[in-house]
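Secondary and tertiary structure notes
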Amino acid sequence: MVFLTLSCWIRSRGPDRYWKVQEVLKHARHFRGRKNRCYSLAVRAVRRAFVYATKARRLKKRNMRTLWISRIAAATREHGMKYPALMHNLTKTSVQLNRRVICDLAVTEPRSFLSLAKLARARQQEGFRAALGDGKEPAGVFSRVVLLQ
Amino acid sequence: MTSRGTPSRFLQSVLQNGVGRYVCQLKRISIVFSRKAQSSLGVREFIEEGVVDYAKKNPATVVYVSPQSCRIPKIVAEYLNGNVREEIITSKTAPQISDLLTKLTDQSGLDVIRIRKPFHTDNPSIQGQWHPFTNRPPSIGPIRPQKQQEAE
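The shown structure was predicted, so the numbers you read here are calculated from the model rather than taken from an experiment.

Considerations on the layout of surface pockets
- Considered as a void within the structure, the largest pocket measures approximately 840 Å³ in volume.
- Lining of the largest pocket is provided by 22 residues; of these, Arg100(A), Asp104(A), Lys117(B), Phe119(B) and Thr121(B) occupy positions nearest its centre.
- Looking at the lining of the largest pocket, the elements that each hand over two or more residues are α3 (39-78) and α5 (99-108) of chain A.
- Counting residues per element, the lining of the largest pocket draws most heavily on α5(A), which supplies 6 residues.

Remarks on the environment of Thr2(B)
- Topologically, Thr2(B) is positioned in the segment before β1 (8-9).
- Residue Thr2(B) is classed as buried on the basis of its relative accessible area, which comes to 14%.
- Those residues in contact with Thr2(B) that sit more than four places away from it in its chain are His30(A), Ala49(A), Phe50(A) and Ala53(A).
- Within the structure, the side chain of Thr2(B) is placed 3.2 Å from the backbone nitrogen of Gly5(B), a separation counted as a polar contact.

Focus on the interface of chain B and chain A
- Contacts between the two partners involve 14 residues from chain B, matched on the other side by 15 residues from chain A.
- A combined buried area of about 1,300 Å² lies between chain B and chain A, and 51% of that area is made up of carbon and sulfur atoms.
- Counting the surface chain B buries against chain A, the share from its top three residues, Met1(B), Gln127(B) and Asn135(B), is 43%.
- For the interface between chain B and chain A, the tally reads 0 salt bridges.
- Here the residues of the side of chain B that touches chain A sort into 5 nonpolar, 8 polar and 1 charged.

What counts, and at which threshold
Residues numbered from 1 in each chain as written. Chains lettered and ligands numbered in written order. Predicted model: local features only at pLDDT ≥ 70, side-chain atom pairs only at ≥ 80, totals over all residues. Heavy atoms only, no water. 1 Å grid on protein atoms, 1.4 Å probe; cavity = no way out; pocket = protein on both sides within 12 Å on 5 of 7 lines; lining within 4 Å. Points joined across faces, edges and corners; volume = space filled by probe spheres on them. Helix = DSSP H or I, 4+ residues; strand = E, 2+ residues; numbered from the N terminus. Buried < 20%, exposed > 50% of the residue type's maximum accessible area, 1.4 Å probe, protein only. Contact = heavy atoms within 4.5 Å. Polar contact = N/O pair within 3.5 Å; in protein donor to acceptor, adjacent residues only side chain to side chain. Buried area = accessible area lost by both parts, 1.4 Å probe. Salt bridge = Lys/Arg side-chain N within 4 Å of Asp/Glu carboxyl O. Nonpolar A, V, L, I, M, F, W, Y, C, P; charged D, E, K, R; others polar.

Here it is in C-alpha coordinates:
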(Lines give C-alpha, C1' and ligand atoms only; values in the text may rest on other atoms or scores of the structure.)
Protein backbone atom coordinates (compact mmCIF):
# COMPACT_ATOMS: atom_id res chain seq x y z
CA MET A 1 0.00 0.00 0.00
CA VAL A 2 1.21 3.46 -0.86
CA PHE A 3 -0.03 6.45 1.08
CA LEU A 4 -0.68 9.18 -1.44
CA THR A 5 -2.92 11.62 0.44
CA LEU A 6 -0.17 12.64 2.85
CA SER A 7 1.80 14.41 0.15
CA CYS A 8 -1.39 16.08 -1.10
CA TRP A 9 -1.76 17.78 2.29
CA ILE A 10 1.56 19.67 2.01
CA ARG A 11 1.05 23.21 0.78
CA SER A 12 3.82 25.42 -0.49
CA ARG A 13 3.13 28.97 0.66
CA GLY A 14 4.64 32.12 -0.80
CA PRO A 15 8.44 32.28 -0.62
CA ASP A 16 8.75 36.02 0.02
CA ARG A 17 7.14 36.49 3.42
CA TYR A 18 10.40 37.37 5.19
CA TRP A 19 11.23 40.22 2.80
CA LYS A 20 7.71 41.60 2.75
CA VAL A 21 7.73 41.68 6.54
CA GLN A 22 11.17 43.31 6.66
CA GLU A 23 10.01 46.04 4.26
CA VAL A 24 7.49 47.13 6.88
CA LEU A 25 9.65 46.52 9.94
CA LYS A 26 12.54 48.61 8.59
CA HIS A 27 10.36 51.69 8.93
CA ALA A 28 9.48 50.75 12.52
CA ARG A 29 12.95 50.08 13.91
CA HIS A 30 13.13 53.34 15.85
CA PHE A 31 9.73 52.91 17.53
CA ARG A 32 9.14 52.19 21.18
CA GLY A 33 7.97 48.88 22.62
CA ARG A 34 6.81 45.84 20.71
CA LYS A 35 5.82 47.94 17.69
CA ASN A 36 9.43 47.76 16.55
CA ARG A 37 9.54 43.95 16.59
CA CYS A 38 6.11 42.41 16.05
CA TYR A 39 4.69 42.62 12.55
CA SER A 40 0.99 43.04 13.31
CA LEU A 41 1.63 45.89 15.73
CA ALA A 42 4.23 47.41 13.44
CA VAL A 43 1.93 47.51 10.41
CA ARG A 44 -0.54 49.71 12.23
CA ALA A 45 2.14 51.92 13.73
CA VAL A 46 3.93 52.38 10.40
CA ARG A 47 0.70 53.30 8.66
CA ARG A 48 -0.05 55.93 11.32
CA ALA A 49 3.48 57.25 11.06
CA PHE A 50 3.14 57.70 7.29
CA VAL A 51 -0.24 59.40 7.69
CA TYR A 52 1.23 61.80 10.25
CA ALA A 53 4.17 62.49 7.94
CA THR A 54 1.82 63.33 5.08
CA LYS A 55 -0.29 65.65 7.19
CA ALA A 56 2.75 67.27 8.75
CA ARG A 57 4.08 68.52 5.43
CA ARG A 58 1.33 71.17 5.46
CA LEU A 59 1.67 71.85 9.17
CA LYS A 60 5.43 72.36 8.91
CA LYS A 61 4.97 75.41 6.74
CA ARG A 62 2.51 76.89 9.24
CA ASN A 63 4.68 76.08 12.24
CA MET A 64 7.83 77.53 10.70
CA ARG A 65 5.97 80.74 9.87
CA THR A 66 4.67 81.12 13.44
CA LEU A 67 8.18 80.46 14.73
CA TRP A 68 9.62 83.17 12.51
CA ILE A 69 6.88 85.59 13.54
CA SER A 70 7.39 85.01 17.26
CA ARG A 71 11.18 85.46 16.87
CA ILE A 72 10.76 88.69 14.90
CA ALA A 73 8.24 89.93 17.49
CA ALA A 74 10.68 89.25 20.33
CA ALA A 75 13.49 91.02 18.47
CA THR A 76 11.40 94.10 17.69
CA ARG A 77 10.20 94.35 21.27
CA GLU A 78 13.83 94.61 22.32
CA HIS A 79 14.01 97.74 20.20
CA GLY A 80 10.78 99.24 21.54
CA MET A 81 8.45 98.41 18.65
CA LYS A 82 5.82 95.78 17.99
CA TYR A 83 5.68 93.13 15.27
CA PRO A 84 2.61 94.43 13.32
CA ALA A 85 4.09 97.93 13.25
CA LEU A 86 7.42 96.63 11.94
CA MET A 87 5.95 94.51 9.16
CA HIS A 88 3.42 97.12 8.05
CA ASN A 89 5.99 99.87 7.87
CA LEU A 90 8.52 97.66 6.11
CA THR A 91 6.00 96.87 3.39
CA LYS A 92 5.14 100.56 3.12
CA THR A 93 8.80 101.38 2.50
CA SER A 94 8.80 98.56 -0.13
CA VAL A 95 11.32 96.44 1.76
CA GLN A 96 10.28 93.09 0.35
CA LEU A 97 11.96 90.79 2.87
CA ASN A 98 10.01 87.74 3.93
CA ARG A 99 9.68 86.60 7.50
CA ARG A 100 12.27 83.87 7.15
CA VAL A 101 14.99 86.31 6.08
CA ILE A 102 14.07 88.91 8.71
CA CYS A 103 14.18 86.19 11.38
CA ASP A 104 17.64 85.08 10.21
CA LEU A 105 18.83 88.69 10.27
CA ALA A 106 17.48 89.11 13.79
CA VAL A 107 19.43 86.06 14.93
CA THR A 108 22.73 86.34 13.06
CA GLU A 109 22.88 90.03 12.11
CA PRO A 110 21.52 92.04 15.07
CA ARG A 111 22.81 95.41 13.87
CA SER A 112 21.17 95.07 10.46
CA PHE A 113 17.96 94.18 12.21
CA LEU A 114 18.31 97.29 14.35
CA SER A 115 18.63 99.39 11.19
CA LEU A 116 15.49 97.75 9.80
CA ALA A 117 13.65 98.57 13.03
CA LYS A 118 14.82 102.20 12.87
CA LEU A 119 13.68 102.45 9.24
CA ALA A 120 10.26 101.12 10.19
CA ARG A 121 10.02 103.52 13.13
CA ALA A 122 10.95 106.50 10.93
CA ARG A 123 8.31 105.54 8.40
CA GLN A 124 5.81 105.15 11.22
CA GLN A 125 6.56 108.66 12.51
CA GLU A 126 6.16 110.07 9.00
CA GLY A 127 2.83 108.31 8.76
CA PHE A 128 1.69 109.84 12.05
CA ARG A 129 2.81 113.29 10.93
CA ALA A 130 0.99 112.94 7.64
CA ALA A 131 -2.19 111.76 9.35
CA LEU A 132 -2.24 114.22 12.26
CA GLY A 133 -0.59 117.20 10.56
CA ASP A 134 -2.12 119.82 8.31
CA GLY A 135 -1.01 118.52 4.97
CA LYS A 136 1.16 121.57 4.38
CA GLU A 137 4.39 119.78 5.34
CA PRO A 138 5.94 117.63 2.61
CA ALA A 139 5.84 113.87 3.07
CA GLY A 140 9.00 112.44 4.54
CA VAL A 141 11.94 110.77 2.87
CA PHE A 142 10.85 107.21 3.51
CA SER A 143 7.31 107.75 2.26
CA ARG A 144 8.54 108.14 -1.28
CA VAL A 145 7.55 105.04 -3.23
CA VAL A 146 10.05 104.04 -5.90
CA LEU A 147 8.44 102.33 -8.91
CA LEU A 148 11.06 100.09 -10.52
CA GLN A 149 10.39 99.33 -14.14
CA MET B 1 9.00 57.59 4.65
CA THR B 2 9.22 59.64 7.82
CA SER B 3 11.98 62.17 8.30
CA ARG B 4 13.19 60.37 11.43
CA GLY B 5 12.86 56.94 9.89
CA THR B 6 14.93 57.68 6.82
CA PRO B 7 18.51 58.97 6.89
CA SER B 8 19.23 62.59 6.07
CA ARG B 9 22.30 64.78 5.81
CA PHE B 10 23.29 68.41 5.51
CA LEU B 11 24.45 69.95 2.28
CA GLN B 12 28.22 69.70 2.01
CA SER B 13 30.99 69.36 -0.48
CA VAL B 14 33.84 66.89 -0.07
CA LEU B 15 36.74 68.89 1.46
CA GLN B 16 35.57 72.18 -0.14
CA ASN B 17 36.07 70.74 -3.64
CA GLY B 18 35.93 73.46 -6.24
CA VAL B 19 37.03 76.38 -4.06
CA GLY B 20 40.57 75.89 -5.30
CA ARG B 21 41.14 73.09 -7.75
CA TYR B 22 38.29 70.78 -8.76
CA VAL B 23 39.01 67.09 -8.25
CA CYS B 24 36.69 64.62 -9.93
CA GLN B 25 35.28 62.45 -7.18
CA LEU B 26 34.71 59.44 -9.39
CA LYS B 27 37.52 56.96 -8.80
CA ARG B 28 36.63 53.92 -10.86
CA ILE B 29 33.98 52.81 -13.32
CA SER B 30 33.42 49.15 -14.13
CA ILE B 31 31.10 48.34 -17.01
CA VAL B 32 29.81 44.79 -16.60
CA PHE B 33 28.00 43.47 -19.65
CA SER B 34 27.55 40.31 -21.70
CA ARG B 35 28.87 39.66 -25.18
CA LYS B 36 25.80 38.12 -26.72
CA ALA B 37 22.67 39.03 -24.75
CA GLN B 38 20.01 41.37 -26.13
CA SER B 39 19.90 43.54 -23.02
CA SER B 40 23.52 44.67 -23.45
CA LEU B 41 23.03 45.90 -27.02
CA GLY B 42 23.26 49.55 -26.06
CA VAL B 43 26.27 48.90 -23.83
CA ARG B 44 28.14 47.16 -26.61
CA GLU B 45 27.41 50.06 -28.95
CA PHE B 46 28.62 52.52 -26.32
CA ILE B 47 31.81 50.54 -25.82
CA GLU B 48 32.46 50.50 -29.56
CA GLU B 49 32.04 54.27 -29.88
CA GLY B 50 31.95 56.30 -26.68
CA VAL B 51 34.03 54.65 -23.98
CA VAL B 52 37.46 55.71 -25.25
CA ASP B 53 36.36 59.33 -25.66
CA TYR B 54 34.91 59.27 -22.14
CA ALA B 55 38.11 57.82 -20.71
CA LYS B 56 40.20 60.45 -22.48
CA LYS B 57 37.97 63.27 -21.28
CA ASN B 58 38.15 62.09 -17.65
CA PRO B 59 41.80 61.19 -17.06
CA ALA B 60 41.23 60.97 -13.30
CA THR B 61 38.75 58.09 -13.59
CA VAL B 62 39.83 54.51 -14.30
CA VAL B 63 37.50 52.68 -16.68
CA TYR B 64 37.23 48.90 -16.50
CA VAL B 65 35.32 47.05 -19.18
CA SER B 66 34.51 43.47 -18.20
CA PRO B 67 32.49 41.29 -20.54
CA GLN B 68 30.99 38.47 -18.50
CA SER B 69 28.04 36.19 -18.93
CA CYS B 70 25.54 38.12 -16.83
CA ARG B 71 21.82 38.59 -17.13
CA ILE B 72 21.75 42.31 -16.32
CA PRO B 73 24.43 44.71 -17.51
CA LYS B 74 25.60 47.13 -14.81
CA ILE B 75 27.81 50.14 -14.28
CA VAL B 76 29.57 50.07 -10.91
CA ALA B 77 30.89 53.52 -9.94
CA GLU B 78 33.28 53.88 -7.00
CA TYR B 79 33.97 57.26 -5.46
CA LEU B 80 36.88 58.69 -3.52
CA ASN B 81 35.04 58.60 -0.22
CA GLY B 82 34.40 54.87 -0.61
CA ASN B 83 30.76 54.88 -1.71
CA VAL B 84 29.83 52.44 -4.44
CA ARG B 85 26.91 53.04 -6.79
CA GLU B 86 25.50 50.42 -9.11
CA GLU B 87 23.34 51.46 -12.04
CA ILE B 88 21.47 48.92 -14.13
CA ILE B 89 21.63 49.62 -17.86
CA THR B 90 19.47 46.88 -19.41
CA SER B 91 17.98 47.96 -22.73
CA LYS B 92 19.44 51.44 -22.65
CA THR B 93 20.70 53.13 -25.78
CA ALA B 94 24.28 54.37 -26.11
CA PRO B 95 23.41 58.10 -25.74
CA GLN B 96 21.39 57.29 -22.59
CA ILE B 97 24.40 55.43 -21.17
CA SER B 98 26.72 58.35 -21.92
CA ASP B 99 24.27 60.72 -20.20
CA LEU B 100 24.25 58.39 -17.21
CA LEU B 101 28.03 58.39 -17.15
CA THR B 102 28.18 62.20 -17.20
CA LYS B 103 25.71 62.24 -14.33
CA LEU B 104 27.88 59.82 -12.32
CA THR B 105 31.00 61.86 -13.10
CA ASP B 106 29.45 65.10 -11.89
CA GLN B 107 28.22 63.56 -8.62
CA SER B 108 30.33 63.67 -5.51
CA GLY B 109 30.27 60.36 -3.70
CA LEU B 110 27.99 61.60 -0.91
CA ASP B 111 24.82 59.60 -0.20
CA VAL B 112 21.72 60.35 -2.22
CA ILE B 113 19.43 60.93 0.75
CA ARG B 114 17.27 63.81 1.91
CA ILE B 115 19.24 67.04 2.24
CA ARG B 116 17.93 68.98 5.21
CA LYS B 117 18.64 72.48 3.92
CA PRO B 118 19.48 73.55 0.38
CA PHE B 119 22.16 75.91 1.70
CA HIS B 120 25.14 75.76 4.05
CA THR B 121 27.53 78.33 5.52
CA ASP B 122 30.56 77.93 7.69
CA ASN B 123 30.18 81.54 8.88
CA PRO B 124 26.47 82.18 9.36
CA SER B 125 26.91 85.31 11.47
CA ILE B 126 29.04 88.31 10.50
CA GLN B 127 27.92 90.87 13.05
CA GLY B 128 28.01 88.34 15.87
CA GLN B 129 25.18 86.01 16.80
CA TRP B 130 22.47 87.38 19.05
CA HIS B 131 22.80 86.62 22.75
CA PRO B 132 20.72 88.09 25.59
CA PHE B 133 23.21 90.88 26.24
CA THR B 134 23.57 92.17 22.64
CA ASN B 135 20.95 94.89 22.88
CA ARG B 136 21.36 95.68 26.56
CA PRO B 137 23.42 98.69 27.64
CA PRO B 138 26.17 97.76 30.08
CA SER B 139 25.24 98.24 33.75
CA ILE B 140 28.65 99.53 34.80
CA GLY B 141 30.69 102.05 32.89
CA PRO B 142 34.02 101.40 31.21
CA ILE B 143 36.65 100.08 33.60
CA ARG B 144 39.44 102.61 34.15
CA PRO B 145 42.49 102.42 36.37
CA GLN B 146 41.64 103.97 39.76
CA LYS B 147 43.05 107.49 40.27
CA GLN B 148 44.72 107.50 43.64
CA GLN B 149 43.87 110.97 44.79
CA GLU B 150 45.49 110.73 48.15
CA ALA B 151 48.98 111.96 47.59
CA GLU B 152 51.61 109.42 48.32
